[in-house]
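# Fold and contact review
Chain residues, written in single-letter form:
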Protein chains: 2
Amino acid sequence: MAPSRRAPTADGTARRRVTATDVAREAGVSQATVSYVLNNTPGQTIPAHTRERVQDAVARLGYAPHGAARALRLGRSDVVLFLLPDWPIGPAVVTLVEGLTERLQAQGLSLLVRRAAEGVALSGLWRSVSPAAVVSLDALDGAELEAMEGAGIPVVSALVRPRASAPGVLTGSHTLIGATQLQHLAATGHRHIGYGLPDDPRVAVFRDLRLDGVRTAAFELGLAEPSVRVVPMSVGGAADVVAAWRAESPAVTAVCAYNDDMAFALLAGMRTLGLTAPTDLAVIGVDDTPLAPFAHPPLTTVRQDADAIMDFLTAAVLRRLAGGTPPRPPRSEAITLVVRESA
Amino acid sequence: MAPSRRAPTADGTARRRVTATDVAREAGVSQATVSYVLNNTPGQTIPAHTRERVQDAVARLGYAPHGAARALRLGRSDVVLFLLPDWPIGPAVVTLVEGLTERLQAQGLSLLVRRAAEGVALSGLWRSVSPAAVVSLDALDGAELEAMEGAGIPVVSALVRPRASAPGVLTGSHTLIGATQLQHLAATGHRHIGYGLPDDPRVAVFRDLRLDGVRTAAFELGLAEPSVRVVPMSVGGAADVVAAWRAESPAVTAVCAYNDDMAFALLAGMRTLGLTAPTDLAVIGVDDTPLAPFAHPPLTTVRQDADAIMDFLTAAVLRRLAGGTPPRPPRSEAITLVVRESA
DNA sequence: TTGTATGCGTTATCAA
DNA sequence: TTGATAACGCATACAA
C-alpha cells in the first residue's frame, strides 16, 4: 500500500505515476540511460542489448514521459496552440482545425485548440501551456505578440487584417473574395448590386474587408456604388431587405451575401415574396458550405481553398520551429468561384 | 548580453523568462513570499504593505507563472482536455465547445480541444498535458480510462453508446431522437416510413442508435418495419433514393433523415423530381441546424438541448474535481420536436 | 511574518 | 558506454 499524494479514484485505488526512474530500476540501468534510449540522444551510443532491456521495461511498466516535467526542462512542449477568436465558428474553421491537426500530428506535434470566450482575452494561456508554437486566426495584441516571440515561441497568424503584412502572417484575401463576388455579378450583366451585411459585430473585420473588395471592384468596373443593407438572419427580416432592394430605383438586381448562411436566408425570404433567384434577384454567397448545392436554387458562391491555407500554416510553423524564416504566403490564396444556379 | 538557451527571435532578441525569483528580487522579498501572495495561500497572513510591493513588481515585470512548473509541482494543470473523436464535426459539437469553454473558464479552467486525427488514438496525450480533467465525447478505451482514473484524472464522458451507463457518463438519447422523429410522422398520419442512413462509417454508432429508436417506436405503434436506405450526400444520389422509396409498394410517404444535412439533400433531390414536401414525401431531420428554417420548405426537425448537456458536463467535471461523485445525468436530455413545414 | 530548503520528473553535462 | 548530478520554476513544510 504505497502512500500517494494523489486523490483516490472512485474505486479507492491510487497509483503512483510511473517515472523514468522506475523504468531504470526495472531495467537495471541508470535513469539517464533510459532518457538516452527514449530520446535517441545524438552523440550517445547505446548497445542494442541495453536498448532492448530499457524498451522492454518501458512496455512492461507502461511508462510515458511526464509532459510537464519535459516542458519545464526543455522550455517547450510539443503542443501547438491554436487560438480561435470570439467569432462564430463555421465549417471553414472546422476544416482548418481538422487539417492542421492531421498535418501537425504527422510531425509529432499536438494541435490543441482554444476558443476565446466572449470578450475574455487569451493572453495568459501561452505562458501556462509553454507551446512549441502558436497559431492564431485573429490578430494578436502587439505587446502580447512581442512577449511570445520574445519568449522564443513562434507565432504564426492566419490573418485577415490588411495592415499586418509581417512575415509569418497570412494576410487574408477577403477583399479578393468580395471582388470575385462582384465581378461575377457584373459579368452576368448586373449593374445595380446590393451587399448584405451581417448582424454580428464580431465579424466586423471580414465584413469591412469583403465590402471593401466589392466596392473597389464596382468602382473599377464603372458600376454604381453598391447598396449596402444589414440582413437579419430570419426569413421575415431577410424578406424585408429583399423588398427594400427591389423597391430602390434603379432596382437592385443582384446581391452579394456576406456568406452562404446569409444567402440561404435571402433565398428563403425571396420565396415568401414569391420571388426566385436568379431571375428576380441574383444571389451569391461565400464559403461553399456543404449545404450550398442543396439550396433552392443551388447556391453560387466563392470558395477559399482550405488546403492552401493549411499547407501554408503548417509549413510556417515547421519552418519557424526549425529556426528558419516563414515561407511566403500564397499569392492569392486560391479563391475560386463556384457557379451553380442562384447567380 | 545575457546568454540564453532560447532560440533567438526574428529581431535577434532573446529574453529570459521572468520568474517568481525575479519578482522576489524586484520586490525585495523572498520567492516564497511571492508565491504566498500570488496564491493567497491559506494560513499565511501577509501584511498589505508587502502584498502591494509584490503585486507592483509582478505588474512591472509582467510576470506570469510558468504552467509547466506549476503542473509539475501540483501534479495537475488547470487545463481540461476535451477529446473530440474522429467524426465529422457539426454545429452541435461546435456549440458544445463554445459552451463548455465559457462555463469552465468561469471556474478558472481552460478548455483545450483535441481532435482525434483519422484513425490515430489520442491515448498518450493526457500523460503529457497533465490535465485537471478530461471530457470525452466518445467512449474511451477501457484500459486507457482506467489508467487515467488511476492517475487521479477524472474522466467525464458525454457518451452515446447504450451499454456504458457508468457514473459520470452521459448516455446519449439517440434512440429517443429516432423515436421522436417516427412518432411525429406517425402522428401526422404516415404508415409507411423510410429511414435515411448516412454514408459515413464514422457515425455508425449514432446511426444504429437512432435507427433503433425509429424501429422500436414503429413497432410500438404497430407500423411496418421502416424501409432503410443509404442516402448519398448529392442531389442526384438523394433523388434516386427518393424515387426508390416512392416506387415501393406500399409507397413510403415520409422519411426520417439521419440529420438535417441529409434532409437538405433529400429535399433538393425531391425538387429535381418535381416533388415537394410534405405532400409528396414528408421529411424530418435531426439537429435543428441554423439553416433549417431556411430550407424549402422549412425543415421540421428534432433538437437536443445543448444547454442541458453542457450544464451536466460542467457540473460533472467540477464535482469530480472537488472529489465528489458526478451528478446524475438528466433523465431525457431535453429532446424537442421543432415542427416547421417539411413534415 | 518571512525566509530556506526540498522535490516534482526530465534532460543534459560531465566524470568515470 | 554509463552513471551521478545539476538545473528548469514553482509550492510548501519547516525553521527563524
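Residues numbered from 1 in each chain as written. Chains lettered and ligands numbered in written order. Predicted model: local features only at pLDDT ≥ 70, side-chain atom pairs only at ≥ 80, totals over all residues. Heavy atoms only, no water.

## A look at the overall build of chain A
Within chain A one finds twelve helices and ten strands. The buried share of chain A, reckoned over its 343 residues, is 50%. Taking contacts inside chain A between residues at least 6 apart in sequence as the whole, the part at least 24 apart equals 69%. Approximately 15,100 Å² of chain A is accessible, and the part contributed by carbon and sulfur atoms is 54%. (Helix = DSSP H or I, 4+ residues; strand = E, 2+ residues; numbered from the N terminus. Buried < 20%, exposed > 50% of the residue type's maximum accessible area, 1.4 Å probe, protein only. Contact = heavy atoms within 4.5 Å. Areas by Shrake-Rupley, 256 points an atom, 1.4 Å probe, with all protein chains shown as cover.)

## Remarks on the protein's contact with DNA strand C
Around DNA strand C sit 28 residues in total, of which Gln31(A), Arg73(A), Thr45(B), Thr50(B) and Arg73(B) are the nearest. In DNA strand C, atoms within 4 Å of the protein come from the sugar-phosphate backbone in 60% of cases. Thr50(B) places a polar side-chain atom, nitrogen or oxygen, 2.6 Å from a phosphate oxygen of DNA strand C. Contacts to DNA strand C include Arg73(B), whose side-chain N or O atom sits 3.4 Å from a base nitrogen. Contributing elements (two or more residues each) for the surface near DNA strand C: helix 2 (31–39) and helix 4 (67–74) of chain A together with helix 2 (31–39) and helix 4 (67–74) of chain B. Residue contributions to the surface near DNA strand C peak at five residues, all from helix 2 of chain A. Per-class residue counts for the surface near DNA strand C are 14 nonpolar, eleven polar and three charged. (Near = heavy atom within 4 Å. Polar contact = N/O pair within 3.5 Å; in protein donor to acceptor, adjacent residues only side chain to side chain. Nonpolar A, V, L, I, M, F, W, Y, C, P; charged D, E, K, R; others polar.)

## Here we look at the protein's contact with DNA strand D
In the vicinity of DNA strand D lie 26 residues, with Gln44(A), Thr45(A), Tyr63(B), Arg70(B) and Arg73(B) positioned nearest. Close to the protein, within 4 Å, the atoms of DNA strand D are drawn from sugar and phosphate at a rate of 63%. Separating a base oxygen of DNA strand D from a backbone N or O atom of Arg73(A) is a distance of 3.5 Å. One nitrogen or oxygen atom from the side chain of Tyr63(B) is found 2.4 Å from a phosphate oxygen belonging to DNA strand D. Every element with two or more residues in the surface near DNA strand D is listed here: helix 2 and helix 4 of chain A together with helix 2 and helix 4 of chain B. When residues in the surface near DNA strand D are grouped by element, the largest group, five residues, is from helix 2 of chain B. Residues that form the surface near DNA strand D fall into these classes: 13 nonpolar, ten polar and three charged.

## A few points about the UniProt feature "domain: HTH lacI-type" (unreviewed entry) in chain A
The residues that UniProt annotates with the feature "domain: HTH lacI-type" (unreviewed entry) are residues 18–74 of chain A. Its end C-alpha atoms 20 Å apart, residues 18–74 of chain A is made of 68% helix and 0% strand. (UniProt positions renumbered as here; feature names shortened; annotations may be inferred.)

## A word on empty space enclosed by the protein
Empty space among the atoms becomes visible once a probe the size of a water molecule is rolled across them. All chains considered together, the criterion is met by seven cavities of 30 Å³ or more. Approximately 170 Å³ is the volume attributed to the largest cavity. Lining of the largest cavity is provided by Leu84(A), Ile89(A), Val93(A), Val94(A), Val97(A), Val113(A), Leu84(B), Ile89(B), Val93(B), Val94(B), Val97(B) and Val113(B). For the lining of the largest cavity, the elements supplying multiple residues, two or more each, are helix 5 (91–105) of chain A together with helix 5 (91–105) of chain B. In the lining of the largest cavity, the residues fall into twelve nonpolar, no polar and no charged. (1 Å grid on protein atoms, 1.4 Å probe; cavity = no way out; pocket = protein on both sides within 12 Å on 5 of 7 lines; lining within 4 Å. Points joined across faces, edges and corners; volume = space filled by probe spheres on them.)

## Topic: the interface of chain B and chain A
Taken together, the 56 residues of chain B in the interface contact 56 residues of chain A. Summed over both sides, the interface between chain B and chain A buries roughly 5,000 Å², with carbon and sulfur atoms accounting for 58% of that surface. Summed over the shared surface of chain B and chain A, the result is two salt bridges. Linking Arg115(A) and Glu98(B) is a salt bridge whose minimum nitrogen-to-oxygen distance equals 3.7 Å. The interface formed by chain B and chain A includes seven residue pairs in polar contact (both at pLDDT 80 or more). Secondary-structure elements contributing two or more residues to the side of chain B that touches chain A are helix 4, helix 5, strand 2 (110–115), helix 6 (125–129), helix 7 (142–150) and helix 11 (260–272) of chain B. Per-element accounting of the side of chain B that touches chain A gives the leading share, six residues, to strand 2 of chain B. For the side of chain B that touches chain A, the per-class residue count stands at 29 nonpolar, 14 polar and 13 charged. (Buried area = accessible area lost by both parts, 1.4 Å probe. Salt bridge = Lys/Arg side-chain N within 4 Å of Asp/Glu carboxyl O.)

## Quick notes on the sheet that holds strand 5 (residues 193–197) of chain B
All names here are of chain B. Taken together, the six strands give an open sheet; going across it, the order is 6-5-7-8-9-10, and neighbouring strands pair in mixed fashion. Every interior strand has two partners, whereas the edge strands, strand 6 (227–230) and strand 10 (335–338), have only one. The sheet shows a mean angle of 20° between the axes of neighbouring strands, direction not considered. As defined by bridge partners, strand 8 (residues 282–286) adjoins strand 9 (residues 300–304) across three bridges and the pair is classed as parallel. Pairing of Ile 284 across the sheet is with Thr 300, part of strand 9. Together, strand 5, strand 7 (254–257), strand 8, strand 9 and strand 10 form the strand contacts of helix 8 (residues 174–187), whose direction differs from that of strand 8 by roughly 160°. (Pairing = 2+ DSSP bridges. Axes fitted to C-alpha atoms, helices over the stretch in contact; angles between N-to-C directions.)

## Concerning the pattern of salt bridges
For the structure on display, the rule yields 24 salt bridges over all chains. A salt bridge links Glu149(A) to Arg320(A); the shortest N-O distance between them is 2.9 Å. Here Glu149(A) is found in helix 7 (residues 142–150), whereas its partner Arg320(A) is found in helix 12 (residues 306–321), with 171 residues between them in sequence. Across the pair Asp288(B) and Arg303(B) runs a salt bridge whose closest N-O atoms are separated by 3.1 Å. Of the two residues, Asp288(B) is situated in the loop between strand 8 and strand 9 and Arg303(B) in strand 9; the sequence distance between them amounts to 15 residues. Via salt bridges that share partners, Arg103(A), Asp307(A) and Asp311(A) belong to a single interconnected network.

## Digging into the confidence of the model for chain A
Residues and elements named next belong to chain A. Looking at chain A as a whole, the pLDDT averages 86, with 89% of positions reaching at least 70. Overall, residues 1–13 carries pLDDT values under 50, and its contacts beyond four positions in sequence, including any with other chains, amount to 13 contacts. In the predicted structure, residues 161–167 sits below a pLDDT of 50 and forms ten contacts with residues beyond four places in sequence or in another chain. (pLDDT = per-residue confidence, 0-100.)

## Digging into the packing of aromatic side chains
Residue and element names in this part refer to chain A. Evaluated as defined, the whole model comprises three aromatic pairs over all chains. Seen in terms of ring centroids, Trp 87 and Phe 206 are 4.5 Å apart; in terms of plane orientation they differ by 75°. Their pairing is edge-to-face. Here Trp 87, found in the loop between strand 1 (79–84) and helix 5, pairs with Phe 206, found in helix 9 (residues 204–220); they are 119 residues apart in sequence, far enough to count as distant. Of the residues examined, Trp 87 reaches a relative accessible area of 9% and is grouped as buried. On the basis of relative accessible area, Phe 206 is assigned to the buried category, the value being 8%. Its end group placed over the ring of Tyr 258, Arg 210 keeps NZ or CZ at 4.6 Å from the ring centre. (Phe/Tyr/Trp six-rings, centres within 6.5 Å; stacked < 30°, edge-to-face > 60°. Lys NZ or Arg CZ within 6 Å of the ring centre and 35° of its normal.)

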